[in-house]
There are 2 protein chains.
Amino acid sequence: MAQNFELETLNMRLKDPELASLDLHQRIQRALRGLILDAALGPGMKLPASRALAKSLAVSRDTVESAYVQLQRDGFIQRREGSGSYVCENIGAQLRGAARQRRRVQEQPQAVRQPGSGLSRRGRGIFDQGGVADQQAVRAFATGLPETRNFALATWERLQRQVLKDYRGNVLLHGDPQGAEPLRKAIAAYLNLERGAKVRPEQILVLSSTRQALFLCAQLLADAGQPILMENPGYFGARKAFEAAELLINPIDVDEQGIRSDLLQADRSGARCVYVTPSHQYPTGVTLSLERRLELIRWAAEHDKWIIEDDYDSEFHYQGLPTACVQGLDPYQRTLYVGTFSKTLYPGLRMGYMALPEELLPVFSAARSIMDGHTPQVLQLTLARFMEEGHYNAHVRAMRKLYAERRQAMLEAIERHLSGIVRALPPPGGLQIPCLLEPGWSEALTQQRAARVGIQLPGLSRLYAGEHQQQGWLLGYAALSSHEIDTAMARLAQALNTP
Amino acid sequence: MAQNFELETLNMRLKDPELASLDLHQRIQRALRGLILDAALGPGMKLPASRALAKSLAVSRDTVESAYVQLQRDGFIQRREGSGSYVCENIGAQLRGAARQRRRVQEQPQAVRQPGSGLSRRGRGIFDQGGVADQQAVRAFATGLPETRNFALATWERLQRQVLKDYRGNVLLHGDPQGAEPLRKAIAAYLNLERGAKVRPEQILVLSSTRQALFLCAQLLADAGQPILMENPGYFGARKAFEAAELLINPIDVDEQGIRSDLLQADRSGARCVYVTPSHQYPTGVTLSLERRLELIRWAAEHDKWIIEDDYDSEFHYQGLPTACVQGLDPYQRTLYVGTFSKTLYPGLRMGYMALPEELLPVFSAARSIMDGHTPQVLQLTLARFMEEGHYNAHVRAMRKLYAERRQAMLEAIERHLSGIVRALPPPGGLQIPCLLEPGWSEALTQQRAARVGIQLPGLSRLYAGEHQQQGWLLGYAALSSHEIDTAMARLAQALNTP
């Protein structure tokens, strides 16, 4: 540990690029602070008088004086009238070990510990399972991505300017954790008209995403270690949310009518909630039949269960109108409806919502206020106008037409390029098509070969619980033009046929 | 249950205002569906031929045909070649109870159940405690609100237009759950220069708020039923987040140097984290001394504890520069730094961040991806430019000057109008001033009298754990002009002095 003030050491510190953009007095203060923290200037050591240091550094005395004042204020040095400035003695004990550690870290900057003992059990669970890897760029054949290239950004920007002009200061303040009233009204009207729901604006909770809705459900409706029922196969994002809340997943098989009511009836796990995707079951694309919907509702009413209805891409139904949602058929207030704008507008908007049974509203709203407050008001109010003025319905209609064409292009491309490899199971709606691999082909092999030409084949098998896993892919097509689909499919076929 | 088709009943249904904005065929379909669900049209019942119904309703046959097709697709009716259309038999069993329930609900719409048995233990906990009630409008003397009326919205809008132009499609897609790289770089540079931190952009996690950061800490660093250490008195928002994660709060007293290290050393609860507000302790305003900072770091390093450093309004320090943050003094990577733009820009932005020890990044990032994905990229990239071009630092500097004046105005107004009632304890920084009530005055009494003139007096006592609760207020002043402060204070004084 140096016991004499070394001007050279200070000069070296002053050249540290990290300090480059600071004012001169800040640089001197920071450099001296660093030397004290590293114990290069030991406790009790005398610093040069400000006049002398100023001369040595060729700066004004005021500059050094400012640095010294700040060091004194922060408790690094003591200044004694008529005697000079000294590194504080009382921080010495705390610094000794730290200085050694600091040097060790500087010498071995790569030594990052593995998380483990420092995490909670639930934290370790999340670390072990990993998060949800969203597709951050358009790629063939990523699932769940809508077309964003033709979104009416100019209209959106115009409406946002209006909102900022009309509300000004108020949108910059905190908003209602339940969501802005104009947006709740627009969503309720939309759900009632387009989705056959039966909700009032007071039942709407505006959220940032479906995922936030599912995480809230998992936290508020079940405790760690308790079971939750989920379709098998089912949506991995939901599974992640439930697992993150330490729930145990009880898979319930799906058949060609949707989730099997007989298995729900037979369930004795004590689970209080079931998670379903009735419009287009994820990943099979099956629409839950009316009989099953009514059985589901009756089961929930009789046994005091909650139905979490994830209506994630129901807007994109290509054969007649989409079936009305479960929520609208349920007179018992057992259904928690979950909707999102990630598919109908764009994922980067980060806006989703729930329509909740009235008794659940206060607790969901309170939990949201604790977890992250609310969704930015500017975005909410802009979206409300986008809906009120009819742009939302127009956009969804245009996209439905576009996606129907792309779905057709996708089916034709699969037929043309991949016959003998996979069999498509065209669902009546949604943004992706499940495909089953023909005998002799495996997910692992096909994914590996596809990756060589930069094509991603999201596997089906990981969506199944238990042993009966289907080998296949779930292919997204909505974000790709018909031409892009055909080109990518030809490339894929070539890659698959090349050992 | 009606067994004959009653045209009158259908006609009444068609006039339901809920259906008013639908197309005609949708209205007919929805009305018939309603009658079936209510069992007004019983299972097996024959519907009129589409031609006949069209004539009765004076609409085209195609319109009725569309309605019938949709009803058939949804499973409500069966159509038999040459015989006609019938309400499906197989949904009868499910409908019978539901129809009764539907009628009961219609007759007693006010019968909302209390949440209770339907919630998880953690859900009930949140319901019992309530959420965080943010101030949604500028009012004297709400805490934690910055001035938003002079925010450079035009500059922000210009930068956002640039971002949308430059990135276009990409900002509409999903973003990195860790945050957009340009923003992480800007935040890291800011923290290193202005807050004396030592972080790389790779350590930054962009979040929606301080609250989300605290909720993540609570979930990932401790399990339900485990203790967490917190300053006493302390920030209620943090307490809510920890309680929502079912942690037990262990209060550690604060004195004039900040949180007491001797009590930390003596703690045997097994808590693995401590939550601190070192710059301006909430609510006392005390700055944690250097000696205490070093003791805190050493304690964390020796006992493998985490320090959650909430640096919520450190930018607003009015006497010299603010003290450098704990994170920059900690060579052991035990500090989780939490920052927010809610105070420096505006709360409606919903943007906060953490600077994390490297080992914690993967798990925090994964948890964020599960909980709600990420923060809107448009906002992140706009903020990055706002910082890169120097607008952020300029705004903070201007606000610091403004708030220093308002703080002075506030202290003078308290002195002028409230002497004998409260004693202000002016802190060196922050956006609020703690005031202690003089003997003879109580929080309850003063709050009640102030409420009569629309003035909110946030109480101090609720921020204390245990019995030693100070009676007083925490008064926010940053969002009010000096004139507004003085006027409100005069009004408050009059209200307080009026029995």
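## Section: empty space enclosed by the protein
Now for step 1: Here the structure, examined in full by the defined rule, presents eleven cavities of 30 Å³ or more.
Now for step 2: When its volume is computed, the largest cavity comes out at roughly 230 Å³.
Now for step 3: Taken together, 22 residues make up the lining of the largest cavity; nearest its centre are Gln160(A), Leu379(A), Gln160(B), Val378(B) and Leu379(B).
Now for step 4: Counting only elements with at least two residues in the lining of the largest cavity, the list comes to helix H7 (153-167) and helix H16 (377-388) of chain A together with helix H7 (153-167) and helix H16 (377-388) of chain B.
Now for step 5: Considering each element in turn, the lining of the largest cavity owes the most residues, five residues, to H7(A).
Now for step 6: Looking at the lining of the largest cavity residue by residue, the class counts come to 17 nonpolar, four polar and one charged.
Now for step 7: Here the second largest cavity is characterised by a volume of approximately 100 Å³.
Now for step 8: Taken together, 16 residues line the second largest cavity, and the ones lying closest to its centre are Ser208(A), Pro376(A), Ser208(B), Arg350(B) and Pro376(B).

## A look at the pattern of salt bridges
If charged atoms from side chains of opposite charge come close, those side chains can pair.
Now for step 1: In the structure shown here, the tally under the stated rule is 42 salt bridges over all chains.
Now for step 2: The shortest N-O distance in the salt bridge between Glu147(B) and Arg406(B) comes to 2.9 Å. Of the two residues, Glu147(B) sits in the loop between helix H6 (121-129) and H7 while Arg406(B) sits in helix H17 (residues 391-418), which places them 259 residues apart along the sequence. Take Glu147(B) and Arg406(B): they sit in the same class, and that class is buried.
Now for step 3: Here Glu484(B) and Arg149(B) are joined by a salt bridge, their closest N and O atoms 3.0 Å apart. On the criterion of sequence distance, the pair formed by Glu484(B) in helix H19 (residues 482-496) and Arg149(B) in the loop between H6 and H7 is long-range, its members being 335 residues apart.
Now for step 4: The exposure class assigned to Arg149(B) is partly exposed, which follows from its relative accessible area of 41%.
Now for step 5: Each of Glu147(A), Arg149(A), Arg406(A) and Glu484(A) takes part in salt bridges that share partners, so that together they form one network.

## Thoughts on the packing of aromatic side chains
All names here are of chain B.
Now for step 1: All chains considered together, the criterion is met by 31 aromatic pairs over all chains.
Now for step 2: Here the aromatic rings of Tyr235 and Phe236 are separated by 5.3 Å at their centres, their planes lie at 55°, and the arrangement is tilted.
Now for step 3: You can call Tyr235 buried: its relative accessible area is 17%.
Now for step 4: Look at Phe236 and you get buried, because its relative accessible area is 15%.
Now for step 5: Here the aromatic rings of Tyr337 and Tyr353 are separated by 6.4 Å at their centres, their planes lie at 20°, and the arrangement is stacked. Of this pair, Tyr337 sits in strand E10 (residues 335-340) while Tyr353 sits in strand E11 (residues 352-355); the two residues are 16 residues apart in sequence, bridging distant segments of the chain.
Now for step 6: The ring of Tyr86 carries the charged tip of Arg80 above its face, separated from the ring centre by 4.0 Å.
Now for step 7: For Arg462, the ring lying beneath its charged end belongs to Phe236, and the centroid distance is 4.4 Å.

## What about the interface of chain A and chain B?
Now for step 1: Chain A puts 126 residues into the contact, and the matching count from chain B is 128 residues.
Now for step 2: Taken over both partners, the interface formed by chain A and chain B buries close to 10,900 Å², and the fraction arising from carbon and sulfur atoms is 54%.
Now for step 3: When the area that chain A buries against chain B is broken down by residue, the three leading residues are Arg122(A), His174(A) and Ile370(A), summing to 8%.
Now for step 4: The tally of links from chain A across to chain B stands at two salt bridges.
Now for step 5: Among the salt bridges present, the one from Asp223(A) reaches Arg122(B), with a minimum N-O distance of 3.9 Å.
Now for step 6: Seen at the junction of chain A and chain B, the total is 40 residue pairs in polar contact (both at pLDDT 80 or more).

## Quick word on the state of the cysteines
Now for step 1: Tallied over the entire structure, the rule returns zero disulfides over all chains.
Now for step 2: Cys88(A) carries a free sulfur, and the closest cysteine sulfur to it, the one in Cys325(B), is 19 Å from it.
Now for step 3: Its sulfur unpaired, Cys273(B) is 7.1 Å from the next cysteine sulfur, which belongs to Cys217(B).
Now for step 4: Accessibility expressed as a relative area gives 2% for Cys273(B), which makes it buried.

## Some remarks on the pairing of strand E2 (residues 77-80) of chain A
Now for step 1: Examined bridge by bridge, E2(A) and strand E3 (residues 84-87) of chain A share four bridges and lie antiparallel to one another. When the bridges of E3(A) are listed, Ile77(A) appears paired with Val87(A).

## Things to note about H7(A)
Now for step 1: With 15 residues, H7(A) ought to run about 21 Å at 1.5 Å a step, and its terminal C-alpha atoms sit 21 Å apart, in line with that.
Now for step 2: Among all positions of H7(A), only Leu153(A), Thr155(A), Trp156(A), Glu157(A), Leu159(A), Gln160(A), Val163(A) and Leu164(A) are buried.
Now for step 3: For H7(A), the elements touching its buried residues are helix H8 (169-172), H16 and helix H17 (391-418) of chain A together with H7 and helix H8 (169-172) of chain B.
Now for step 4: Arg168(A) lies just past H7(A) and shows a positive phi near 35°.

## So, the relation of the copies chain A and chain B
Now for step 1: Of the two same-sequence chains, chain A is brought onto chain B (RMSD 0.1 Å, axial shift 0.0 Å) by a rotation of 180°. Viewed as a symmetry operation, the transformation between the two copies matches a two-fold axis.
Now for step 2: Here 100% of the interface residues in chain A have copies in chain B that are interface residues too; the copies meet face to matching face.

## Re the sheet that holds strand E13 (residues 432-437) of chain A
Residue and element names in this part refer to chain A.
Now for step 1: Strands sit in the order E12-E13-E14 across an open sheet of three strands; the sheet is antiparallel. The open sheet has two free edges, formed respectively by strand E12 (422-424) and strand E14 (472-476), since each of these has just one partner strand. Sheet twist, expressed as the mean angle between neighbouring strand axes with direction ignored, is 30°.
Now for step 2: Bridge count between E13 and E14: five bridges; the pairing is antiparallel. Paired with Cys435 across the strands is Trp473, a residue of E14.

## Thoughts on the pairing of E3(A)
Residues and elements named next belong to chain A.
Now for step 1: Here two bridges tie strand E1 (residues 46-47) to E3, and the two strands are oriented antiparallel to one another. Across the sheet, Leu47 pairs through a bridge with Ser85, a residue of E3.
Now for step 2: Between the end of E2 and the start of E3, which pair antiparallel, lie three residues, with Gly82 showing a positive phi angle near 75°.

## Focus: the confidence of the model for chain A
Caution applies to low-pLDDT parts of the model: their predicted coordinates are not meant to be read in detail.
Now for step 1: In this model, chain A carries an average pLDDT of 91, and 95% of its residues clear a pLDDT of 70 or more.
Now for step 2: As scored by the predictor, the complex reaches a pTM of 0.92 and an ipTM of 0.92.

Calculation criteria
Residues numbered from 1 in each chain as written. Chains lettered and ligands numbered in written order. Predicted model: local features only at pLDDT ≥ 70, side-chain atom pairs only at ≥ 80, totals over all residues. Heavy atoms only, no water. 1 Å grid on protein atoms, 1.4 Å probe; cavity = no way out; pocket = protein on both sides within 12 Å on 5 of 7 lines; lining within 4 Å. Points joined across faces, edges and corners; volume = space filled by probe spheres on them. Helix = DSSP H or I, 4+ residues; strand = E, 2+ residues; numbered from the N terminus. Nonpolar A, V, L, I, M, F, W, Y, C, P; charged D, E, K, R; others polar. Salt bridge = Lys/Arg side-chain N within 4 Å of Asp/Glu carboxyl O. Buried < 20%, exposed > 50% of the residue type's maximum accessible area, 1.4 Å probe, protein only. Phe/Tyr/Trp six-rings, centres within 6.5 Å; stacked < 30°, edge-to-face > 60°. Lys NZ or Arg CZ within 6 Å of the ring centre and 35° of its normal. Contact = heavy atoms within 4.5 Å. Buried area = accessible area lost by both parts, 1.4 Å probe. Polar contact = N/O pair within 3.5 Å; in protein donor to acceptor, adjacent residues only side chain to side chain. Disulfide = S-S within 2.5 Å. Pairing = 2+ DSSP bridges. Expected span 1.5 Å × (residues − 1). Least-squares fit on C-alpha atoms with pLDDT ≥ 70 in both. Axes fitted to C-alpha atoms, helices over the stretch in contact; angles between N-to-C directions. pLDDT = per-residue confidence, 0-100.

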